[in-house]
Amino acid sequence: IEPTHLTLKTATVEKEADAEALFWEVRVDDDEQGDLIFTHYLRIKVFTDRGRESQSKIDIPFGKILRSETRVQDIAARTIKADGTIVQLKKEDIFERTIVKTSGVKFKAKSFAMPGIEPGCIIEYRWREVRVKQDANYVRLDFQRNIPVQRITYFIKPYPYPGYGMRSLTLHGESSPFKKEGNGFHSTTMLNVPAMHEESRMPPENQIKAWMLIYYDRGDKLIPQNYWNDVGKGYYADKKDLFKANEDIKRAAAEATAGAQTDEEKVDRLYNFCRDKIKNASDDAAGLTVEQYQKLKENKSPSNTLKQGVGTWFDINMLFNALVTASGMEARVVLAPDRSDIFFDRNTPNSYFLSAKSIAVRFGETWKFYDPGTNYVTVGMLRWQEEGQDSLVTDSKQPVWVRTPLSRADKSRVKRTANLKLDEEGTLAGDVQIEFTGHLGVERKEENDNASPAEREENLRNEIKAQMSTAEITHLKIENINEPVKPFTYKFHVRVPGYAQRTGKRLFIQPAVFQRGVAPLFSASVRKYPIYFHYPWSESDEVTLHLPSGYEFDNVDGPTPISGGVISEYKPVLSATTDKRTLIYKRNFFFGGDGHIVFPTDSYQQLKTYFDEMHKQDNHAITLKQAAK
């Protein structure tokens, strides 16, 4: 430990940082045993109590994810206090804990608390990470952490594949050229790397943080247009046997499309056939454990998938492709990027950023996209991660780039209705129904399809109580959890004591019941990263509010509508029945018109102002007073 580091009072990279990594060294060995071994060594200076708190507990993840496995071993750690005193971590203080568990897949972590940590100290720890039966082809190396780093160095020992060399692609940062080290290693360094700070609605981390992709290839100079043309042709040639339709496929296609009047109707029927007849082994809802998944027989052709009645999402999409082809239409596999990971640029000629996702079907001069292999995605939509993306339609002669459509805001809607009654004490009670469609519905179904009924109910109760702490939920029903088409639906009775504020002979009430207790969308005054909404969406609320006996209102002045041009509109309407005993509140909102979902940092204040004003209008209250006797 350098004496200057022990006496260091403030961070170097970011002056206000509570902790800073002095160095982070990683050795990456693509060893001859068939495993990929990472050896990490990290040294951190702690400056403040917040730094002590953030760095006191360490989690190092490991475990199995389907067919991949990571092991963690050889952990060692110590704390060096400002006076040079050393406190070692005891081996018995290292334990394992499960951090996520879903469908039999466990995500674990080796966890430990740094001993004797305090402001002014230095902590350091090291560990070995073994990625079983993996190699260094297309591996990501991170250069940023949640604290700034003075120096990060990767020492990489590639496997000597004949005719191939290791290449690298650095994104969102600048690392030094690789230099040769001893024992077959090559090193690259990045200096003074700022911390990765999370912001609300920011682009995916890999679009922002500094990282490097390493991979093996022959080192040929690539022209993007020619490269992608070869990729599209090569994929088609490699998978062409999966596109052929035997007699079983032709028979199934004919039966499924019997009586259909148009090609679009035929395709829709084939889409539903794949959803209804084939069990999806890639989805939690299938209920397969990791062991059952690993024991599944591989479907070597669409006819195998049809016969077995179960397949991965890829098997199901290949079956759909074959069925469409057997019906006399043109279908192609689409290689698409994933914008939940990174914003794809096709000027970067590397097929790593694309993978087989959906199926394109030609109607005249237009390609339409389908993905029956992904549960819950509605016909005419794709996973939001693949919408609005340049995607490569593969072909034996002329692959083409096509922009996948971005679903309109009305396709992903939350519709909320409530029939409620307010009593003289300010308690609100009544029946509620909430429906989610499109991408909103997919997310709700994915969150709930593998949970127990008790967990589903508890999740909803916690969600509502986070907004209204006194809320009581009874008679709860959750519908269409595993339904691919119907909206995910909550139905329940709610009782909220103290919903209306009582002052003397008056009651103050917020008609926007569903927005009660919701925090502003953006809270920070300044912004570092762009603003990113995953997809356009819309909201539709209707609240019927029956007044308590003996109360009336002076007027029903409602909140103010707000226009965001083609991008967004917020339209609340408050009215009353002719007998003035019931208030009707309607709220309609959409965002993302004309495909606007990504906004530059300099537009943050304008966006924040818009949503802050909407939040203010959502909190609009009206006054009820006791009627004169």
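This one's a predicted model, so the numbers in the text were calculated from it and none came from an experiment. (Residues numbered from 1 in each chain as written. Predicted model: local features only at pLDDT ≥ 70, side-chain atom pairs only at ≥ 80, totals over all residues. Heavy atoms only, no water.)

A. Examining the nonpolar core more closely. In this structure, Leu420, Phe492, Phe533, Phe611 and Leu624 are the most contacted members of the largest nonpolar core, which totals 56 residues. Not counting chain neighbours up to four residues away, the residues in contact with Phe533 comprise Arg201, Leu521, Phe522, Phe591, Ile597, Phe599, Leu607 and Phe611. Formed by 45 residues, the second largest nonpolar core is a distinct cluster that contains Tyr236, Leu270, Ala322 and Leu335. (Core = buried A, V, L, I, M, F, W, Y, C linked by side-chain atoms within 4.5 Å. Buried < 20%, exposed > 50% of the residue type's maximum accessible area, 1.4 Å probe, protein only. Contact = heavy atoms within 4.5 Å.)

B. Broad picture of the packing of helix α4 (residues 247-257) against helix α8 (residues 313-326). As a packed pair, α4 and α8 sit with axes 9 Å apart at the nearest point and diverge in direction by 75 degrees. Our classification of the angle between α4 and α8 gives roughly perpendicular. Along the contact surface, α4 presents Ile249, Lys250, Ala252 and Ala253, while α8 presents Leu319, Ala322, Leu323 and Ala326. Among the residues making up the contact of α4 with α8, the classes are represented as 7 nonpolar, no polar and 1 charged. (Axes fitted to C-alpha atoms, helices over the stretch in contact; angles between N-to-C directions. Helix = DSSP H or I, 4+ residues; strand = E, 2+ residues; numbered from the N terminus. Parallel < 35°, antiparallel > 145°, perpendicular 65-115°, else oblique. Nonpolar A, V, L, I, M, F, W, Y, C, P; charged D, E, K, R; others polar.)

C. Structural view of the pattern of salt bridges. In total, this model carries 38 salt bridges according to the counting rule given. For the salt bridge of Arg97 with Asp59, the shortest nitrogen-to-oxygen distance reads 2.6 Å. On the criterion of sequence distance, the pair formed by Arg97 in strand β6 (residues 95-102) and Asp59 in strand β3 (residues 57-65) is long-range, its members being 38 residues apart. A residue is classified by how much of its surface remains accessible, and Asp59, at 34% relative accessible area, is partly exposed. In this structure, Arg444 and Glu463 form a salt bridge, with 2.9 Å as the shortest nitrogen-oxygen distance. A residue pair is termed long-range when its members are at least 10 positions apart, and Arg444 in helix α9 (residues 438-448) and Glu463 in helix α10 (residues 453-467) qualify at 19 residues. Judged by relative accessible area, Glu463 falls into the partly exposed class, the value being 35%. Sharing partners across several salt bridges, the network here consists of Arg416, Glu539, Asp541, Arg587 and Asp618. (Salt bridge = Lys/Arg side-chain N within 4 Å of Asp/Glu carboxyl O.)

D. Quick look at the packing of aromatic side chains. Inspection of every chain in the model, using the stated rule, returns 37 aromatic pairs. Ring centres of Phe591 and Phe599 lie 5.8 Å apart, and the angle between their planes is 55 degrees; this geometry places the pair in the tilted category. Neither residue differs from the other here; Phe591 and Phe599 are each classed as buried. One aromatic cluster is present, built from ring pairs that chain together Phe522, Phe533, Trp537, Phe589, Phe591, Phe599, Tyr604, Tyr610 and Phe611. (Phe/Tyr/Trp six-rings, centres within 6.5 Å; stacked < 30°, edge-to-face > 60°.)

E. Spotlight on α10. The first and last C-alpha atoms of α10 sit 22 Å apart over 15 residues, in line with the 21 Å expected at 1.5 Å per residue. Considering only its buried residues, α10 is in contact with α9, β24 (472-479) and β25 (488-496). (Expected span 1.5 Å × (residues − 1).)

F. Representation of the packing of helix α5 (residues 263-277) against α8. The contact between α5 and α8 brings their axes to 10 Å, and the two run at 145 degrees. Taken as a pair, α5 and α8 cross one another with a handedness that is right-handed. Packed against α5, whose contacting residues are Val267, Leu270, Tyr271, Phe273 and Cys274, the element α8 presents Ile316, Leu319, Phe320, Leu323 and Val324 at the interface. Residues of the contact of α5 with α8, tallied by class, amount to 10 nonpolar, no polar and no charged. (Left-handed = near helix turned anticlockwise from the far one by under 90°.)

G. Representation of the sheet that holds strand β14 (residues 211-217) within the structure. Spatially, 3 strands are ordered β9-β14-β11 in an open sheet, and the strand pairing comes out antiparallel. In the strand order of this sheet, the two ends are held by β9 (139-142) and β11 (165-171), each with one partner. Each adjacent strand pair in this sheet contributes to an overall mean axis angle of 25 degrees, direction not counted. For β9 and β14, the ladder comprises 4 bridges, and the chain directions are antiparallel. Looking at the pairing, Leu141 lines up with Met212 of β14. (Pairing = 2+ DSSP bridges.)

H. Just the environment of Leu545, in detail. Looking at where Leu545 falls in the secondary structure, it is placed in strand β29 (residues 537-546). Linking Leu545 and Ser340, residues 205 residues apart in sequence, is a C-alpha distance of 40 Å.

I. Just the side chain of Asn321, in detail. Residue position: Asn321 is located in helix α8. Residue class for Asn321 comes out buried when judged on its relative accessible area of 0%.

J. Representation of the sheet that holds strand β18 (residues 355-363). If you trace the 5 strands from one edge of the open sheet to the other, you get β19-β18-β17-β20-β21, paired in antiparallel fashion. Edge positions in the open sheet fall to β19 (366-370) and β21 (400-403), since each of these has one partner strand only. The mean angle between the axes of side-by-side strands here comes to 40 degrees, regardless of whether they run parallel or antiparallel. Across 4 bridges, strand β20 (residues 390-393) lies against β21 in antiparallel orientation. Bridged to Ser391 within β21 is Val402.

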